[in-house]
Each structure stands twice: as C-alpha cells, then as structure tokens.
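Here is what each chain is made of, one letter per residue.
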Amino acid sequence: MQYNVIRNAKRNIVFGLINKLIVMICPFLIKTVVRYTLGVSFLGLDSLFTSVISVLSLSELGLSSAIVYHLYKPVADNNIDQVNAILNFYKKAYRCIGVFIMVVGICLIPVLPSLISGDYPDAIVLWKVYLIFLVNTTASYFMYAYLTPLITVHQREDINSNVNSVITIVMTVAKVLFLVLTKNYYYYAFTLPVFTIVGNLLIAYRVKHDFPQYRCVGEISSDILADLKQLLAGTFIQRACGLTRNSLDSICISVFLGLSATAMYNNYYYILAAVTSVMTIIASAFAGGIGNHVVIKDKVENFFELQKLDFLYLWIAGWFSICLACLYQPFMKLWMGKEAMLNYSSVFLFCIYFYLLKLGDIRGLYSTARGLWWEMRWRALAETILNIVLNIVLGKLLGINGIIIATIISLLLCNCIWATKILFDVYFDSTFYSRHIRTQAVYSVVTFIVLVFTYKLCSFVMFENELQVLFADAMICLIVPNVLYILCYYRTDIFKETLWLIKGKRCN
C-alpha cells in the first residue's frame, strides 16, 4: 500500500493549521487573563511545573516513535496481526510507564521549593498544584494514548487536529470562567487533567471507528522485541536531548533569576513555540508518507524528494523567522506591557534559535522513518550534555541571553551538522552530504539578507498607536519577504521542481 504524500499532507495541513490557530489563540487568551487576574508570578509557576513534568516524561523513552517506525511496514503490507501485537505491547508498556512517572513525580515533591529563586505566591500550596500537573501527565498513559501511532502511520493527523481543536476551545472557556468568576488557581489548574481525559476518549472513539480492524491482541516476535530494545535506548537519548532545549532552560532561569524572569522568558518562548507548532503540523503532514516512501522507494529518489521538501519547508521557516524578528517587540508591548519585555538582543537570539531548530526538521523525518535513533545516540547525548553545561555557565554569566546562546550552540554543532552527517552516512549516499549542507547554507544566507532588508523597512514605520505599528509591520512581513524569496529563487531548478511537487504532478 502506497500513500499519496502530497494529497494526504494537504488535508493534514489544512486541519492542522486550523488546530494550531486555535492552540495559539487560546493559550494567549488564558495567559492574558492569568496575568491580569492572578499576576505574572502565576505564569512562571505554570511554566516551571510544566517543565518539571516534561523532564519526568523522559521515562516514556520515546517509545511512541519506535512503535511508529515498526508499524510502517506491517501497515504497508496490510499485516493486521502484527499491527495488533505491536499495539498490545505498546498498551502494556505505557501503563507501566504511567506508574513509574507517578511514583517518581511524588518523590520529587520535597525538592520543589529549591527550584524557585525568591518567593512564590502565598495563595497556593506548591505540592497541591504540582500533583494536579502530575495527574494531567499520567492520565494519558493509563487510557488510549497507545492508539495515536495509528493516526501517524495512516497519515491521518487531521483526526488528532480536529479533536484537539474542540478540546482546546472548550477547556479555554472553562479556564477563563474559573479565573474571572473565582480567581482561584486550583480550579483553573484542575481543568487540565479533566480535559486530557476527555480528549483521550474522543481520540479512542475516532481511531476505533476509522480503523476497526485493529485490536490490542497477540504478542510481538522476539526479533521485533530485540530491535525495540535497541531503538528505545536511542529514542530515550533523543527525547532527553529535546527536553533540555526548553524544559531545563525554564528550570535554570527559575533557579538563577526567579519566577518573574521565567515568566518573561516563557512569554517569548510561547510565541516561538506557537510558530514552531505550525511548522510541526507541516512537517507531521509529511511524516506518514515519508515513512511509506522509505519502505518502498530507493534512497536516491528519497534524497531528491528530501531536497524539494527541505526547500519548501525552509522557505516557510525563513519567513516565520523574519516575522518573529520584526513583530516580536510590538506584539509583546501590546500584550504584556513594557515592563515584561526582553531586550532586542534576546529577540534576535530567539529568531536564530527558531531557524536552527527548523533547519533539521525534514532531515529528522527521514531519520525517524529510517529508525536511526540508536545511530544518533552519541550525537543526542553530546547535545544534551553540552546544552546543560552551557546553560549553567552562560546562564550565570549572561542571564536569559546566555541560556538561549547555549541552546543555539548545541543545536548548530550537534543537530544541524552532526545529525545530518549521520543520516547521510547511514542511509543516503555520503557524497550528497556536502551538497545538502551547502544548499542549506545558501538558504540561510538568503534568509538573513531578506530579514535585514525587511527589518529596515519596518523600522521606518512610525505611528503613535502601537496597534497601528503592529499592523503595518505585519503587512510588510506578509509581502516583502516572499517577494524577495521569489526574486532570489524563481530561476532555479529547485523552485520549479518544488512547484511541480506541490501540484502533485511528480510525486506519488
């Protein structure tokens, strides 16, 4: 069975973007209400507990990624018995992981006060709020989260997007009502596990309705089990690497600078994460199709498909980077006020952080589809250690900027360069590696030039009303960068080939 990557991706992107628009607007609304009903320190508390629980989720070991990898071939071959056996293993493993997270999470309660520099709100008891966040995280492990790999493998991310959209809207209404009517943080926090459970039930219903042939029965073979053990070791390290990028960043800022600084950092990171989530939808829309093509196509065909997808993806990533550079400050001034704004140096660093993070996304899809977690173990471990060490050293020296710089350095060396080298050595022809790196370097230089030009244009916008400034800058960012990109690329072969790819005329 071969999927049409572009057709399925278009559907996934449409519903995914609708979902991400909702997911961006709703937390923005909630953060605003929290800021003006409870205070900025409560935002910092949210960020800290979310980060602590994310680190605990390391125990998941990246199992879901390994399961998705092992489902590609049996789903393509329509081997229902093998799919059922893998799902059954996944269900049992997730319940064991849920118990582990709950036990370890409870053991961490005594150290919570040491993670906060200075005071925290008197109106709350730390361990009570922390337990609510802990229950929210573990709820999925005991329910139907094991069914979600079927959505990815069948390239039906639209199911997850639609359910998430409904849950997010209803939960936002509930949170705002609790905050406005009661100003009680406990009621606000308690909505998290409630709606997590409801969301899991809805996902389970849709998956079982759309894919009734699959059930959690049978046992996986010894060969698959042995392969899973090796993959899990690799995916654990990969997951640890990803978590250090923000979760430990937030924890370090809380330890060094306090909850208010953590809230300021996370307000900016929230915007970056919202844009990243849009990019993730675009990347995820291709994930199932890429996994299918890695199984049934040769690596040369897949390399040229990688080049086209990378060009398209980095065009969008570059445009978003330019928008962040030009719109961050006027937006933050309107949203949180001058007192909650970081320096522009931090904004520029956030833009570099975002672009470097996206530079490896399409490559990462091929690494995942090829199951290269074990081969990536040393790279991920090096990035994790480097990021932690630099967070501590540069965080003490330079504060928030130092922590962002730490992430940029580790991303560039270990993710953009080293991880790409591993993929090309193990899967693609290694002779293509330098070609790929040079191409990405060209895209990066073009993006930087377009960014500088667009930022200079925005600097000429002069209005007394901040909303007018934001709107004018947004119009410039919408038009100018894309026109400049077209002027730079329209004569190139990759531009013409990518247009054909989008139209679906050269891609199965």
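For clarity, every value in this text was computed on a predicted model and none was experimentally measured.

Thresholds, definitions, all that
Residues numbered from 1 in each chain as written. Predicted model: local features only at pLDDT ≥ 70, side-chain atom pairs only at ≥ 80, totals over all residues. Heavy atoms only, no water. Phe/Tyr/Trp six-rings, centres within 6.5 Å; stacked < 30°, edge-to-face > 60°. Helix = DSSP H or I, 4+ residues; strand = E, 2+ residues; numbered from the N terminus. Patch = residues over 30% accessible without salt bridge, like charges linked within 9 Å, V, L, I, M, F, W, Y side chains within 5 Å. Areas by Shrake-Rupley, 256 points an atom, 1.4 Å probe, with all protein chains shown as cover. Salt bridge = Lys/Arg side-chain N within 4 Å of Asp/Glu carboxyl O. Buried < 20%, exposed > 50% of the residue type's maximum accessible area, 1.4 Å probe, protein only. Expected span 1.5 Å × (residues − 1). Contact = heavy atoms within 4.5 Å. Polar contact = N/O pair within 3.5 Å; in protein donor to acceptor, adjacent residues only side chain to side chain. Core = buried A, V, L, I, M, F, W, Y, C linked by side-chain atoms within 4.5 Å. Bend = angle between axes of the 7 residues up to and from the residue. pLDDT = per-residue confidence, 0-100. Axes fitted to C-alpha atoms, helices over the stretch in contact; angles between N-to-C directions. Parallel < 35°, antiparallel > 145°, perpendicular 65-115°, else oblique. Left-handed = near helix turned anticlockwise from the far one by under 90°. Nonpolar A, V, L, I, M, F, W, Y, C, P; charged D, E, K, R; others polar.

Draft legend 1. Fine view of the packing of aromatic side chains. A full pass over the atoms with the stated rule returns 33 aromatic pairs. Taken together, a centroid distance of 5.7 Å and an interplanar angle of 55° make the contact between Tyr366 and Phe428 tilted. Of this pair, Tyr366 sits in helix α13 (residues 361–370) while Phe428 is found in the loop between α15 (400–426) and α16 (433–459), placing the two residues 62 residues apart along the sequence.

Draft legend 2. Inspection of a nonpolar patch on the surface at higher detail. Residues Trp378, Leu381, Ile385, Ile388, Val389, Ile392, Val393, Leu397, Leu398 and Trp418 make up a contiguous nonpolar surface patch of roughly 930 Å² in combined accessible area. Examining the composition of the nonpolar patch, we find that nine residues originate from one element, helix α14 (residues 377–398), more than from any other. Along the chain, Leu398 falls in helix α14. Judged by its relative accessible area of 49%, Leu398 is partly exposed.

Draft legend 3. Spatial organisation of helix α7 (residues 157–182). Helix length check: α7 (26 residues) gives 37 Å between terminal C-alpha atoms against 38 Å at 1.5 Å per residue, within 8%. Positive backbone phi, approximately 50°, marks Lys183, located one or two places after α7.

Draft legend 4. The arrangement of the pattern of salt bridges in detail. The full count for this structure, using the stated rule, is six salt bridges. The salt bridge involving Glu466 is made with Lys333; its shortest N-O contact spans 3.0 Å. On the criterion of sequence distance, the pair formed by Glu466 in helix α17 (residues 466–489) and Lys333 in helix α11 (residues 299–335) is long-range, its members being 133 residues apart. What makes Glu466 partly exposed here is its relative accessible area of 23%. For Arg379, the salt bridge goes to Glu383, with nearest N and O atoms at 2.7 Å. Here Arg379 and its partner Glu383 are both found in helix α14, four residues apart, which amounts to about one turn of the helix. An identical accessibility class is assigned to Arg379 and Glu383; each is buried.

Draft legend 5. Region of the structure containing the side chain of Asn302. Relative to the elements of secondary structure, Asn302 occurs in helix α11. Taking the relative accessible area as the measure of exposure, Asn302 reaches 0% and is therefore buried. If sequence neighbours within four positions are ignored, Asn302 has contacts with His293, Val294, Lys297, Tyr366, Tyr427 and Phe428.

Draft legend 6. The arrangement of the side chain of Thr172 in detail. Mapped onto the secondary structure, Thr172 falls in helix α7. Looking at Thr172, the relative accessible area reads 5%, which means it is buried. For Thr172, the side chain forms a polar contact with the main-chain oxygen of Thr168, separated by 2.7 Å. In contact with Thr172, not counting residues within four places along its chain, are Cys26, Leu29 and Ile30.

Draft legend 7. Fine view of the nonpolar core. Core analysis: the largest hydrophobic core is formed by 88 residues, its most contacted members being Tyr328, Phe350, Tyr353 and Tyr366. Residues in contact with Phe350, not counting those within four places in the same chain, are Tyr265, Tyr268, Tyr269, Leu272, Tyr328, Leu342 and Ile404. Formed by 53 residues, the second largest nonpolar core is a distinct cluster that contains Val129, Ile132, Tyr214 and Ile224.

Draft legend 8. Focus on the environment of Ser345. On the secondary structure map, Ser345 appears in helix α12 (residues 344–359). C-alpha separation for the pair Ser345 and Asn401, spaced 56 residues apart in sequence, amounts to 7.6 Å.

Draft legend 9. Examining α15 more closely. A rise of 1.5 Å per residue sets the reference length of α15, with its 27 residues, at 39 Å; its end C-alpha atoms lie 37 Å apart and thus fit the reference within 8%. Largest kink in α15: about 35°, centred on Leu411.

Draft legend 10. Region of the structure containing the confidence of the model for the chain. For the chain, the mean per-residue pLDDT works out to 81, and 84% of the residues sit at or above 70. Of all secondary-structure elements in the chain, the lowest mean pLDDT belongs to helix α2 (residues 40–56), at 63, while α16 reaches the highest, 93.

Draft legend 11. Structural view of the packing of α12 against α15. Contact pair α12 / α15: the axes reach a minimum separation of 9 Å and the direction vectors enclose 20°. Relative to α15, the element α12 is oriented roughly parallel. Relative to α15, α12 is oriented so that their crossing is left-handed. Residues Ser345, Ser346, Leu349, Phe350, Ile352, Tyr353, Leu356, Leu357 and Leu359 of α12 lie in contact with α15, whose contacting residues are Asn401, Ile404, Ile405, Thr407, Ile408, Leu411, Leu412, Asn415 and Cys416. Its residues assigned to classes, the contact of α12 with α15 shows 13 nonpolar, five polar and no charged.

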